[in-house]
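Notes for the structure review
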Amino acid sequence: MGHPYLPPPYPPPPERSAELRQRFAEEARSERPDLSGLCLLIGAEADGSLDDRGMDEAQLELDRLAGALPYRPGGPRAWAEAVRRLLGAEHGFHGTPADYQRLESSLLHEVLRRRRGLPILLSVVWMEVARRAGAPVYGVALPGHFVVGFGPAEEQVLADPFDGGRLLAGTDAELLVAGATGAPLDASMLEPAAPLEVVQRILNNIRAWAAARPERSDVALRAVELALLIPSHPARLRYERGQLLVQRGEFTAGAAELDTYAELIEVVDEPAARKVRQQAHTARAMLN
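Residues numbered from 1 in each chain as written. Predicted model: local features only at pLDDT ≥ 70, side-chain atom pairs only at ≥ 80, totals over all residues. Heavy atoms only, no water.

In the annotation of an unreviewed UniProt entry, the entry for the chain reads Transglutaminase-like domain-containing protein, and the organism field reads Streptomyces sp. 900105245. The Sequence similarities (unreviewed entry) field of the UniProt record for the chain holds the comment "Belongs to the UPF0162 family." (UniProt positions renumbered as here; feature names shortened; annotations may be inferred.)

Another aspect to go through is the sheet that holds strand β5 (residues 192-193). Strand-to-strand pairing in sheets goes through backbone hydrogen bonds, with the strands running parallel or antiparallel. As summarised here, the arrangement of the five strands in space is β4-β3-β2-β1-β5, forming an open sheet in which the pairing is antiparallel. Lying at the two open borders of the sheet, with one neighbouring strand each, are β4 (166-168) and β5. Bridge analysis of strand β2 (residues 145-150) against strand β3 (residues 157-160) gives three bridges, and the strand direction is antiparallel. Bridge pairing links Gly 149 to Leu 158 in β3. This element, helix α6 (residues 119-132), spans β1 (137-142) and β2 of the sheet and lies at about 15° to β2. (Pairing = 2+ DSSP bridges. Helix = DSSP H or I, 4+ residues; strand = E, 2+ residues; numbered from the N terminus. Contact = heavy atoms within 4.5 Å. Axes fitted to C-alpha atoms, helices over the stretch in contact; angles between N-to-C directions.)

As a further point, take helix α11 (residues 251-266). Over its 16 residues, α11 runs 22 Å from end to end, which matches the ideal 22 Å to within 8%, given 1.5 Å per residue. All buried positions along α11 are accounted for by Phe 251, Gly 254, Ala 255, Glu 257, Leu 258, Asp 259, Tyr 261, Ala 262 and Ile 265. Structurally, α11 contributes buried residues whose contacts are with α10 (236-247) and α12 (270-285). (Expected span 1.5 Å × (residues − 1). Buried < 20%, exposed > 50% of the residue type's maximum accessible area, 1.4 Å probe, protein only.)

So, about the pattern of salt bridges. Using the criterion set out here, one finds 29 salt bridges in the structure. Across the salt bridge formed by Glu 240 and Arg 207, the nearest N and O atoms sit 2.7 Å from each other. Of this pair, Glu 240 sits in helix α10 while Arg 207 sits in helix α8 (residues 195-211); the two residues are 33 residues apart in sequence, bridging distant segments of the chain. The shortest N-O distance in the salt bridge between Glu 257 and Arg 241 comes to 2.7 Å. Taken together, the residues span a long stretch of sequence, with Glu 257 in helix α11 and Arg 241 in helix α10 at a distance of 16 residues. Overall, the relative accessible area of 5% leaves Glu 257 in the buried class. When salt bridges with common partners are traced through the structure, they connect Arg 21, Glu 45, Arg 222, Glu 225, Arg 238, Arg 241 and Glu 257 into a single cluster. (Salt bridge = Lys/Arg side-chain N within 4 Å of Asp/Glu carboxyl O.)

Here we take up empty space enclosed by the protein. Rolled over the atoms, a probe as big as a water molecule pinpoints where empty space is left. Within the structure shown, the criterion is met by one cavity of 30 Å³ or more. Counted as a void, the largest cavity has a volume near 100 Å³. Around the largest cavity sit 14 residues that line it, and Glu 45, Ala 46, Ile 206, Val 219 and Arg 222 are the ones nearest its centre. A per-element tally of the lining of the largest cavity places helix α9 (residues 217-227) first, with five residues. In the lining of the largest cavity, the residues fall into 10 nonpolar, no polar and four charged. (1 Å grid on protein atoms, 1.4 Å probe; cavity = no way out; pocket = protein on both sides within 12 Å on 5 of 7 lines; lining within 4 Å. Points joined across faces, edges and corners; volume = space filled by probe spheres on them. Nonpolar A, V, L, I, M, F, W, Y, C, P; charged D, E, K, R; others polar.)

Take the UniProt feature "domain: Protein SirB1 N-terminal" (unreviewed entry) in the chain next. UniProt marks residues 60-204 with the feature "domain: Protein SirB1 N-terminal" (unreviewed entry), using the numbering shown here. When the span residues 60-204 is considered, its composition is 44% helix and 14% strand, and the gap between its end C-alpha atoms is 27 Å.

A few words now on the pairing of β3. One face of the sheet, then the other: side chains in a regular strand alternate in exactly this way. Burial along β3 is two-sided: Val 157 and Ala 159 and Leu 158 and Asp 160, pointing in opposite directions, are all buried. Connecting β2 to the antiparallel partner β3 that follows it, the hairpin turn spans six residues, and Gly 151 within it adopts a positive phi of roughly 85°. Bridge count for β3 against β4 is three bridges, and the pairing is antiparallel. The partner of Ala 159 across the bridge, within β4, is Leu 167. Where β3 hands over to β4, the hairpin turn is made up of five residues, of which Gly 164 adopts a positive phi near 70°.

Here we take up the layout of surface pockets. Quantified by volume, the largest pocket comes out at close to 310 Å³. Contributions of two or more residues to the lining of the largest pocket are made by α6, β1 and α8. The class makeup of the residues in the lining of the largest pocket is nine nonpolar, one polar and four charged. The computed volume of the second largest pocket comes to approximately 250 Å³. As for the second largest pocket, its lining consists of 15 residues, of which Tyr 100, Leu 118, Pro 119, Ile 120 and Asn 205 are closest to the centre. Where the lining of the second largest pocket is concerned, the elements lending two or more residues are α6, β2 and α8. The element best represented in the lining of the second largest pocket is α8, accounting for four residues. Among the residues making up the lining of the second largest pocket, the classes are represented as eight nonpolar, five polar and two charged.

Here is the structure:
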């Protein structure tokens, strides 16, 4: 199903999309959500050419890469070095500024194919490969730049997959945070990120990509609707969904979503709720 005026990837048909969302919701609610599985479901929802076989192949590729890591190389630093050598040096996984302009940089199957992506998706590759090999690895959600950590807090070694897995020494992490936000590094920023936090942040990136391209409101809407399936999502996503539906000409559905959001926030912020209800009213008026 191509769109002559839009570049690929093109979304899957409605039945496939409904099935993918059902699987995404179940995985997100499971006791131990599977990070690579959730990322591949996001990929399949954005790219209709990714079928179940393609998703299995992506998982097998992660297994294959993990099998190429040395057996128990040593402590956190040895693990970080081993993964950097394999993924960064040997297989060339890294990122460039141009990768921020491509939707594929947020889709795990494309990142595995192209060996390029956003910091967070490259970190997913690092984490999933290293985890399969038994490494003490986790994501570290620094503001503005996602990296990976190895080992417990007192021995923590950080690596930057966007920079080919370069190990961060001394003040490197502080400089990354200062460069991205202008704020100092706080110890809480170095704590492991839970899988669902990682997934939520990937969907935020996709929404940010689409927000800069109004003609891709379809991509933004799909990302918002997936994010709404994650337990304990921010209520404001409902407002965003309502606005996107209105923007796409689905005035009745958009107005209903805006009203739902207004009800949610009325208790804490009545003036804001009034404003949102007015937006819903305006959306309904567009039907006449």
